[in-house]
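Examination of the molecular architecture
Below are the chains, spelled out letter by letter.
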Amino acid sequence: MSVTLPPSLLADLDGVVDAGEYDSRSEATRDALRAFVTEFNRQTGLSGRLSGTVVVLYEHDHSGVTDEMTELQHEFTETIIAVHHVHISDRLCLESIAVDGGGERIEALLSRIRPLKGVHHVKLTVVEADR
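Residues numbered from 1 in each chain as written. Predicted model: local features only at pLDDT ≥ 70, side-chain atom pairs only at ≥ 80, totals over all residues. Heavy atoms only, no water.

**Considering the sheet that holds strand E4 (residues 119–127)**
- Taken together, four strands build an open sheet; the order of strands is E2-E3-E1-E4 and the sheet is antiparallel. Taken across any chain shown, the strands that pair with only one partner, and hence form the sheet edges, are strand E2 (80–87) and E4. Mean inter-strand twist for the sheet, computed between neighbouring axes without regard to direction, equals 15°.
- Bridge count between strand E1 (residues 49–59) and strand E3 (residues 92–102): eleven bridges; the pairing is antiparallel. Each residue of the ladder has a partner; that of Leu 50, found in E3, is Gly 101.
- Across the sheet, helix H3 (residues 65–75) lies against E1, E2, E3 and E4, angled at about 165° from E1, the strand it touches most.
- Packing of helix H4 (residues 103–113) onto the sheet brings it into contact with E1, E2, E3 and E4, and relative to E3 it is tilted by some 160°. (Pairing = 2+ DSSP bridges. Helix = DSSP H or I, 4+ residues; strand = E, 2+ residues; numbered from the N terminus. Axes fitted to C-alpha atoms, helices over the stretch in contact; angles between N-to-C directions. Contact = heavy atoms within 4.5 Å.)

**Remarks on the nonpolar core**
- Grouped together as the largest cluster of nonpolar side chains are 21 residues, with contacts concentrated most on Val 54, Val 56, Met 69, Ile 97, Val 99, Ile 113 and Val 119.
- At the level of elements, E1, H3, E3, H4 and E4 are the ones that each hand at least two residues to this core.
- Once residues lying within four places of it in the same chain are set aside, the contact partners of Val 56 are Met 69, Cys 93, Leu 94, Glu 95, Ile 97, Ile 113, Val 119, His 121 and Val 122. (Core = buried A, V, L, I, M, F, W, Y, C linked by side-chain atoms within 4.5 Å. Buried < 20%, exposed > 50% of the residue type's maximum accessible area, 1.4 Å probe, protein only.)

Just geometry here; none of it tells us what the structure is for.
Here it is, written out as structure tokens:
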């Protein structure tokens, strides 16, 4: 396996290795991939009624991602109950999307957000809610 990283991410990885937590880039990368796979698996195979928040970090001026996020909000009106949008910098936006509904529908929303060009991070947090 070969991976190309942007210079800034490679520098961050080297910083983690240099801090002494890992003996090599490979060891740090394996640990990061394990964490990624674990988190991804938590966000798939969802079922039943769920409540939670989807946090999305994206570049607002990248390939129309802002318009696509708005379209998704209209498409998932039965699942999205609130959206909080903030500008982190002159190019980055953070959206906190409150969701409530079927796990399958929430998973469908996530699968539509993840591949959007300009999206840096998507994270779902589910809370247990007595109804």
